[in-house]
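Okay, here's what each chain looks like letter by letter:
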Amino acid sequence: MSIFEAILLGIIQGIFMFFPVSSTSHLVLTQHWLIQRGSSLPPPESSEMIFFDLIVHVGTLISIVVVFRRSLSRLLVRIWQDFYDIVTDLGSSRQDPIKLRLSALRTRSLIFPSGERKGDLLYLRLAILGMLSVVVTGLVGLPFRSIIKQVFFAYPLAICFTLSITGILLWWTDKKIRQTKGLRELNPWVATVIGLGQALALIPGLSRSGMTISFSLFTGLRRQWAAEYSFFIAFPTILGGTLLQGLELLEAETLSIGIVPLSVGFVVSAIVGIGALQLVLKLLYRARFRYFSYYLWVLAVIVGWGTYQGII
């Protein structure tokens, strides 16, 4: 992989990671286009290119840290405070049946909303529910990884269908009116539905951010919290996928992409992603996701025509 190719792919990832139009499909299509024009890139479905895709995905996590730095720092501090409070509370109430019952009720609120603001362990509960979403993603998505890799990465025409589906979902999110749930109404059912949406996004053409935000809105979660929860669960999901793919490459000893292209793609995707994420948040809060729907439908037609003509 040349430095130019690493920069190009890093830019595409940085832009389309947060635009709800599937960064994976854009990476795959660009890789097909480069290979057809004489590039020595490994095939998009190869372990090496999938690992590169994951590395630039990790780069865009830096963008999330920069844009949401205040929210994330507050979240981490409050998670620790909630954890310390519940451990201290359980330790001090072991000899008092009444206190023990109150502590048990408070512990139950870690999963199920208590309806009370005071002492509801909100942030620790969000962390637990976020991990539930990630677990659902893994349980549903991992068994189909090989099928997804072989079918969708090897045949660009299959992406036409998934791009169109993403466009329909994004158009629907602008039309959906009733979003009344705040973070305190987040429960295991909502976390499971969002995790399922993220699992489906393993298919190229189905945007991870688009699917998780759409499924969040489907459950009634407000737009701001749908976005923040979507990007919150991106961290363990992407880092876990990168680690898994990296271990597979180490076992196979087939990593042919040098450290320099990997580093360049990582840095470029992080820098470009900051601006893209800020723009996407503005459009989401103003219910303007349908603009991306039109783009996806046009792109699906172009991909179909390009594949038929042998251009892609």
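**Observations concerning the overall build of the protein chain**
Along the backbone of the protein chain there are 14 helices and 0 strands. Each helix (α) and strand (β) of the protein chain, taken in turn from the N terminus, gives the series α-α-α-α-α-α-α-α-α-α-α-α-α-α. Across the 312 residues of the protein chain, 50% fall into the buried class. Partitioning the intrachain contacts of the protein chain with sequence separation of at least 6 by distance along the chain shows that 79% fall at a separation of at least 24. Of the roughly 15200 Å² that the protein chain leaves accessible, carbon and sulfur atoms contribute 68%.

**Regarding the environment of isoleucine 238**
Relative to the helices and strands, isoleucine 238 is located in helix α12 (residues 234-252). Using a relative accessible area of 6% as the deciding quantity, one classes isoleucine 238 as buried. For the pair isoleucine 238 and threonine 60, spaced 178 residues apart in the sequence, the C-alpha separation amounts to 9.9 Å. When near neighbours in sequence (up to four residues on either side) are disregarded, isoleucine 238 contacts Met17, Leu54, His57, Val58 and Leu61.

**Comments concerning helix α3 (residues 47-67)**
Compared with the 30 Å implied by 1.5 Å per residue over 21 residues, the 31 Å span of α3 between its first and last C-alpha is a close match. Where burial is concerned, most of α3 is hidden: 16 out of the 21 residues are buried.

**Observations regarding helix α10 (residues 208-218)**
The buried fraction of α10 is high, at 10 of 11 residues. Three or more residues of α10 are buried, namely Arg208, Ser209, Gly210, Met211, Thr212, Ile213, Ser214, Phe215, Ser216 and Leu217. Of the residues flanking the end of α10, it is glycine 220, one or two places downstream, whose phi is positive at about 100°.

**Here's the deal with the packing of aromatic side chains**
Tallied over the entire structure, the rule returns 4 aromatic pairs. Taking 6.4 Å as the distance between ring centres and 55° as the angle between the ring planes, the aromatic pair formed by tyrosine 229 and phenylalanine 232 counts as tilted. With a gap of 3 residues between them, tyrosine 229 and phenylalanine 232 both fall in helix α11 (residues 223-232), about one helical turn apart. We classify tyrosine 229 as buried; its relative accessible area is 3%.

**Observations regarding the confidence of the model for the protein chain**
Taken over all residues, the pLDDT of the protein chain has a mean of 76, while the share at 70 or more is 76%. Of all secondary-structure elements in the protein chain, the lowest mean pLDDT belongs to helix α5 (residues 97-108), at 52, while helix α9 (residues 188-200) reaches the highest, 88.

**Section: the packing of α10 against α11**
α11 packs onto α10 with a crossing angle of 135° between their chain directions and a minimal axis gap of 9 Å. The angle between the axes of α10 and α11 places the two elements in the oblique class. For α10 against α11, the interelement crossing comes out right-handed. Here α10 contributes Arg208, Ser209, Thr212, Ile213, Ser216 and Leu217 to the contact with α11, which in turn contributes Arg223, Ala226, Ala227, Ser230 and Phe231. Here the residues of the contact of α10 with α11 sort into 5 nonpolar, 4 polar and 2 charged.

**Quick word on the nonpolar core**
Grouped together as the largest cluster of nonpolar side chains are 63 residues, with contacts concentrated most on Phe18, Ile64, Phe231 and Phe292. In terms of residue count, the dominant contributor to this core is α3 (8 residues). Excluding its chain neighbours within four sequence positions, the residues that come into contact with phenylalanine 292 are Phe19, Pro20, Val21, Leu170, Val280 and Leu283.

**Considering the side chain of histidine 57**
Structurally, histidine 57 can be placed in helix α3. Setting aside chain neighbours within four positions, we find histidine 57 in contact with Gln13, Met17, Ser23, Thr24, Leu27 and Ile238.

**Let's talk about the environment of arginine 74**
On the secondary structure map, arginine 74 appears in helix α4 (residues 69-92). Through-space distance from the C-alpha of arginine 74 to that of tyrosine 123 is 9.4 Å; in sequence the pair is 49 residues apart.

**What about the packing of helix α1 (residues 3-16) against helix α2 (residues 23-36)?**
Here α1 crosses α2 at 155°, and the two axes come no closer than 9 Å. Relative to α2, α1 is oriented roughly antiparallel. Here α1 and α2 pass one another in a crossing that is right-handed. Residues Glu5, Leu8, Leu9, Ile12, Gln13 and Phe16 of α1 lie in contact with α2, whose contacting residues are Ser23, His26, Leu27, Thr30, Gln31 and Leu34. Class assignment of the residues belonging to the contact of α1 with α2 gives a composition of 6 nonpolar, 5 polar and 1 charged.

**Some thoughts on the side chain of glutamate 5**
Take glutamate 5: it is sitting in helix α1. In contact with glutamate 5, other than residues within four places in its own chain, are Leu34, Ser39 and Leu41.

Calculation notes
Residues numbered from 1 in each chain as written. Predicted model: local features only at pLDDT ≥ 70, side-chain atom pairs only at ≥ 80, totals over all residues. Heavy atoms only, no water. Helix = DSSP H or I, 4+ residues; strand = E, 2+ residues; numbered from the N terminus. Buried < 20%, exposed > 50% of the residue type's maximum accessible area, 1.4 Å probe, protein only. Contact = heavy atoms within 4.5 Å. Areas by Shrake-Rupley, 256 points an atom, 1.4 Å probe, with all protein chains shown as cover. Expected span 1.5 Å × (residues − 1). Phe/Tyr/Trp six-rings, centres within 6.5 Å; stacked < 30°, edge-to-face > 60°. pLDDT = per-residue confidence, 0-100. Axes fitted to C-alpha atoms, helices over the stretch in contact; angles between N-to-C directions. Parallel < 35°, antiparallel > 145°, perpendicular 65-115°, else oblique. Left-handed = near helix turned anticlockwise from the far one by under 90°. Nonpolar A, V, L, I, M, F, W, Y, C, P; charged D, E, K, R; others polar. Core = buried A, V, L, I, M, F, W, Y, C linked by side-chain atoms within 4.5 Å.

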